[in-house]
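A structural walkthrough
Each chain, letter by letter, is given below.
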There are 2 protein chains.
Amino acid sequence: MSKPVEIIDELNLLSEHGVRNTRQRSAILQVLLASDIPLSAERIHEKTKEADADINLSTVYRFVEMLVEKNLATKSFNLEYGRATFELSNPHHRHHLTCTHCGEIVVIRECPLDKLCRALEEDTGFAVIGHRIELFGVCPKCQRELSTEEL
Amino acid sequence: MSKPVEIIDELNLLSEHGVRNTRQRSAILQVLLASDIPLSAERIHEKTKEADADINLSTVYRFVEMLVEKNLATKSFNLEYGRATFELSNPHHRHHLTCTHCGEIVVIRECPLDKLCRALEEDTGFAVIGHRIELFGVCPKCQRELSTEEL
DNA sequence: GTGATAGATGCAAATGCTTTGCATTTGCAT
DNA sequence: ATGCAAATGCAAAGCATTTGCATCTATCAC
């Protein structure tokens, strides 16, 4: 299996950052690129395993943390799930809406905070660097199930 | 020291929820009411100690988790700090802007997401229940310190 | 007030995600 | 091909949080 072009880009990006290109890192990037939702270290580990890459969980933790430090990935914490999650910093800044019952995730493309950030900089003098948004709700399917239970 | 009126309200609110009023819970509420920023369980524990209330850390964890379940408090996770934090669900929904260098926190009163939430409900069919926003930046003081270092 | 009891607390041990130390391996520049 | 700094694997440690259980206590019926 040859590497998708994005991974090569990412790996080049890494070497520009003075970071070595290894089998493990390539596999981890492949997993992250293939996912449009944030993944926990363990989930990344599982997925690399499914792709026949035998990677140590510590390596996953070390590498994703490095990506975060280099601003190539974003870390969040999924409270429901109790784990940190990671996703590549998307060129198109996005957020997610999660169903509190089944965990389904919907991608939100539009970010409503850009304007607020500029306004905050003026008001507070802070240099606003970034933000995280987590949205919660109940997906249509779970709404139907819940209303049935109540009968 | 007599209890502020808000605490009595909160305690009444609790007993309406079928929950006992104890010395420990009163002290924890007092701490939460006095803070306008989210506090970790450990921080709450310290503050109750400062107020001469000897409370076990487990009790803090159990009680704040109960408040969250009853929607009387909100839980978040402070990634920089590596701990969950809690604050009373404010009648006036608010968010915070945190300095990544010194940890200073500024309160944001206006929530920009209400409109987005309504729009999302139409688009996705989700019933949007809530959200968390975390904003990051560098406060004016740290900006000055950082630019000095670079000279 | 008294007693009964479900619920709350304290303590210590367990849990589970994440980090770390160290010996071994490996990318990559020369 | 070689050397070495960086990366990996493994196991042990760290640390916030949870849990089991014995003890205590707020609350309610009397």
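The structure this text deals with has already been given above.
What follows is about the overall build of chain A. When you go through chain A residue by residue, the secondary structure sums to six helices and six strands. Sequence-distant contacts in chain A: of pairs separated by 6 or more residues, those separated by 24 or more amount to 47%. Only carbon and sulfur atoms are counted for the fraction: they give 47% of the accessible area of chain A, which is about 8900 Å².

Time to look at the protein's contact with DNA strand D. Near DNA strand D you find 20 residues, and of these Arg20, Thr22 and Thr59 of chain A together with Tyr61 and Ala84 of chain B are the closest. Take the atoms of DNA strand D that sit within 4 Å of the protein: sugar and phosphate atoms are 66% of them. One of the side-chain nitrogen or oxygen atoms of Arg25 of chain A is found 2.9 Å away from a phosphate oxygen of DNA strand D. The backbone of Asn56 of chain A places a nitrogen or oxygen atom 3.0 Å from a phosphate oxygen of DNA strand D. When residues of the surface near DNA strand D are traced back to their parent elements, those giving at least two are helix H2 (23–34) and helix H4 (57–69) of chain A together with helix H4 (57–69) and strand S3 (83–88) of chain B. Residue composition of the surface near DNA strand D, by class: four nonpolar, eight polar and eight charged.

On to helix H3 (residues 41–50) of chain A, then. Residue and element names in this part refer to chain A. Every buried residue of H3 is listed here: Ala41, Ile44, His45 and Thr48. Seen along its axis, H3 keeps its buried residues to an arc of 100 degrees; they face one direction. Buried residues along H3 sit in contact with H2, strand S1 (39–40), H4 and strand S3 (83–88).

Around DNA strand C, 21 residues are found, and the nearest of them are Tyr61 and Arg83 of chain A together with Arg20, Thr22 and Thr59 of chain B. Atoms of DNA strand C within 4 Å of the protein: sugar and phosphate make up 64%, bases the balance. Interatomic distance of 3.1 Å between a side-chain N/O atom of Ser58 of chain A and a base oxygen of DNA strand C. Within the side chain of Arg62 of chain B, a nitrogen or oxygen atom sits 2.9 Å from a base nitrogen of DNA strand C. Going through the elements one at a time, H4 and S3 of chain A together with helix H2 (23–34) and H4 of chain B are the ones with two or more residues in the surface near DNA strand C. For the surface near DNA strand C, the element with the highest residue contribution is H4 of chain A, accounting for four residues. When the residues that make up the surface near DNA strand C are grouped by side-chain class, the tally is four nonpolar, eight polar and nine charged.

Attention now moves to the relation of the copies chain A and chain B. The transform that puts chain A on chain B rotates by 180 degrees and translates by 0.0 Å along the axis, for an RMSD of 0.1 Å. Such a turn and shift between the copies fits a two-fold axis. The position closest to the rotation axis in chain A is occupied by the C-alpha of Ile133 of chain A, lying 2.2 Å away. Here 100% of the interface residues in chain A have copies in chain B that are interface residues too; the copies meet face to matching face.

With that settled, the discussion passes to the pattern of salt bridges. In total, this model carries 12 salt bridges over all chains according to the counting rule given. In this structure, Glu80 of chain A and Arg132 of chain B form a salt bridge, with 3.7 Å as the shortest nitrogen-oxygen distance. One end of the pair, Glu80 of chain A, is in the loop between strand S2 (73–78) and S3; the other, Arg132 of chain B, is in strand S6 (residues 127–138), on a second chain. Residue class for Glu80 of chain A comes out exposed when judged on its relative accessible area of 51%. Residue Arg118 of chain B pairs with Glu121 of chain B through a salt bridge whose shortest N-O separation is 3.4 Å. With Arg118 of chain B and Glu121 of chain B both in helix H5 (residues 114–124) and three residues apart, this pair spans about one turn of that helix. Judged by relative accessible area, Arg118 of chain B falls into the partly exposed class, the value being 46%. Members of the salt-bridge network, linked through shared partners, are Glu80 and Glu134 of chain A together with Arg132 of chain B.

What counts as what
Residues numbered from 1 in each chain as written. Chains lettered and ligands numbered in written order. Predicted model: local features only at pLDDT ≥ 70, side-chain atom pairs only at ≥ 80, totals over all residues. Heavy atoms only, no water. Helix = DSSP H or I, 4+ residues; strand = E, 2+ residues; numbered from the N terminus. Contact = heavy atoms within 4.5 Å. Areas by Shrake-Rupley, 256 points an atom, 1.4 Å probe, with all protein chains shown as cover. Near = heavy atom within 4 Å. Polar contact = N/O pair within 3.5 Å; in protein donor to acceptor, adjacent residues only side chain to side chain. Nonpolar A, V, L, I, M, F, W, Y, C, P; charged D, E, K, R; others polar. Buried < 20%, exposed > 50% of the residue type's maximum accessible area, 1.4 Å probe, protein only. Arc of directions from axis to C-beta. Least-squares fit on C-alpha atoms with pLDDT ≥ 70 in both. Salt bridge = Lys/Arg side-chain N within 4 Å of Asp/Glu carboxyl O.

Fair warning: the whole summary comes from geometry, so function is off the table for now.
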